[in-house]
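Coordinate analysis (summary)
This is what each chain is made of:
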Amino acid sequence: MSEVATLDRRAFILAQTRLLPVPHAPEIRLHVAEEATELWQKTEDELAVIGLPPPFWAFAWAGGQALARYLLDHPDSVRGRRVLDFATGSGLVGIAALLSGADTAEGCDIDPFAIEAVALNAAANGVGMSAICEDLVGRDAGWDVICAGDVCYERDMAERVVAWLSTLQARGAQVLIGDPGRAYLPKRRLTALASYEVPVTRSLEDAEIKRSTVWRLEPG
């Protein structure tokens, strides 16, 4: 990643977002967009990149908010452990893990803007969270806890990710999934740990409040 590209991404994020408390985890502040549809358009037009990933990093999604709340309320689930925040987006869940006493928290995402957003958001919350721009499905770096929020909205992605998470669970990792009722959530493999009424962005969801659950992945 070049220095110029990094600066451009940082400038874009700072120009298009505000640093605001997360609705269901106000202990954490994130650089978020106040107008979803406007930022979606700006991302495509101003950067002039066809097929640029939608700015998932600019919003606190329901599943991620649920996971963050759960970790903040149950710090023993991550204290002293190595945590992966899969498909991290804004870095919300990894930040919550670090604030709850995790030894380390690493995020991964396939969007380089998300990696820059994680750096900005981690700094805003006084934690040192790392993030890499890679698809880690199929990899195992020995994480103790893997958190995945809002990853079951497409069939192919859900099947691929859950199959990988199952291998991590089978070797002893704890896998936590935050989900507001996405279509392809494999409920038969899950145990509900907590549910929350989470405020969300109406222009992105079908409501202003989404009931979101934190699940633990069990053996298949």
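Residues numbered from 1 in each chain as written. Predicted model: local features only at pLDDT ≥ 70, side-chain atom pairs only at ≥ 80, totals over all residues. Heavy atoms only, no water.

1. Notes on the nonpolar core
- One finds Ile-28, Leu-30, Leu-71, Val-83 and Cys-147 to be the most contacted residues of the largest nonpolar core, which totals 35 residues.
- Elements represented by at least two residues in this core include exactly β2 (25-32), α3 (62-73), α4 (92-99), α5 (112-124), β6 (145-149) and β8 (190-199).
- It is α3 that contributes the most residues to this core, 7 residues altogether.
- Excluding anything up to four places from it in sequence, Ile-28 contacts Leu-20, Pro-21, Val-22, Leu-72, Leu-92, Ile-95, Ala-96, Leu-99 and Asn-125.
- Counting 23 residues, the second-largest nonpolar core is a separate cluster that includes Leu-84, Val-162, Trp-215 and Leu-217. (Core = buried A, V, L, I, M, F, W, Y, C linked by side-chain atoms within 4.5 Å. Buried < 20%, exposed > 50% of the residue type's maximum accessible area, 1.4 Å probe, protein only. Helix = DSSP H or I, 4+ residues; strand = E, 2+ residues; numbered from the N terminus. Contact = heavy atoms within 4.5 Å.)

2. Topic: the pattern of salt bridges
- Here the structure, examined in full by the defined rule, presents 11 salt bridges.
- In this structure, the salt-bridge partner of Arg-69 is Glu-27, at a minimum N-O distance of 2.7 Å. Of this pair, Arg-69 sits in helix α3 while Glu-27 is found in strand β2, placing the two residues 42 residues apart along the sequence.
- On the basis of relative accessibility, which here comes to 44%, the residue Glu-27 falls in the partly exposed class.
- Through salt bridges with shared partners, one network takes in Glu-27, Arg-69 and Asp-73. (Salt bridge = Lys/Arg side-chain N within 4 Å of Asp/Glu carboxyl O.)

3. Notes on unusual backbone geometry
- At Ala-87, a residue that is not glycine, the phi angle is positive and equals roughly 50 degrees.
- Tracing the backbone shows Ala-87 in the loop between β3 (82-86) and α4.
- In this structure Ala-87 comes out as partly exposed when scored by relative accessible area, which is 30%.
- One non-glycine residue, Asp-150, lies in the positive phi region at around 55 degrees.

4. Concerning the packing of aromatic side chains
- Inspection of the entire model under this criterion finds 6 aromatic pairs.
- Seen in terms of ring centroids, Phe-12 and Phe-113 are 5.7 Å apart; in terms of plane orientation they differ by 75 degrees. Their pairing is edge-to-face. Placement of Phe-12 in helix α1 (residues 3-16) and of Phe-113 in helix α5 is noted, with a sequence separation of 101 residues between them. Phe-113 carries the same exposure label as Phe-12, and that label is buried.
- Judged by centre distance (6.1 Å) and plane angle (75 degrees), the ring pair of Phe-59 and Trp-61 falls under edge-to-face.
- Assessed through its relative accessible area of 3%, Phe-59 is described here as buried. (Phe/Tyr/Trp six-rings, centres within 6.5 Å; stacked < 30°, edge-to-face > 60°.)

5. Thoughts on the environment of Asp-156
- Along the chain, the position of Asp-156 falls in helix α6 (residues 155-170).
- Expressed as a C-alpha distance, the spacing of Asp-156 and Tyr-184, which sit 28 residues apart in the sequence, is 9.1 Å.

6. Some words on the sheet that holds strand β7 (residues 174-179)
- Ordered by their spatial adjacency, 7 strands build an open sheet running β5-β4-β3-β6-β7-β9-β8, and the pairing between neighbours is mixed. With partners counted over all chains shown, the strands left at the sheet margins are β5 (130-132) and β8, one partner each. Put simply, the sheet's adjacent strands are angled 20 degrees from each other on average, direction ignored.
- Two elements, β7 and strand β9 (residues 209-217), share 4 bridges in a ladder whose sense is antiparallel. Following the sheet pairing, Ile-177 is matched in β9 by Trp-215. (Pairing = 2+ DSSP bridges. Axes fitted to C-alpha atoms, helices over the stretch in contact; angles between N-to-C directions.)

7. A few points about the side chain of Asn-121
- Looking at where Asn-121 falls in the secondary structure, it is placed in helix α5.
- On the basis of relative accessibility, which here comes to 0%, the residue Asn-121 falls in the buried class.
- Engagement of the side chain of Asn-121 in a polar contact is seen with the backbone nitrogen of His-31, the distance being 2.8 Å.
- Once you skip the residues sitting within four places of it in the chain, Asn-121 turns out to touch Arg-29, Leu-30, His-31, Ser-90 and Ile-95. (Polar contact = N/O pair within 3.5 Å; in protein donor to acceptor, adjacent residues only side chain to side chain.)

8. Regarding α6
- The terminal C-alpha atoms of α6, which comprises 16 residues, lie 22 Å apart, in line with the 22 Å expected from a rise of 1.5 Å per residue.
- Here the buried face of α6 lies against β3, β6, β7 and β9.
- At the C-terminal side of α6, Gly-172 shows a positive phi close to 115 degrees. (Expected span 1.5 Å × (residues − 1).)

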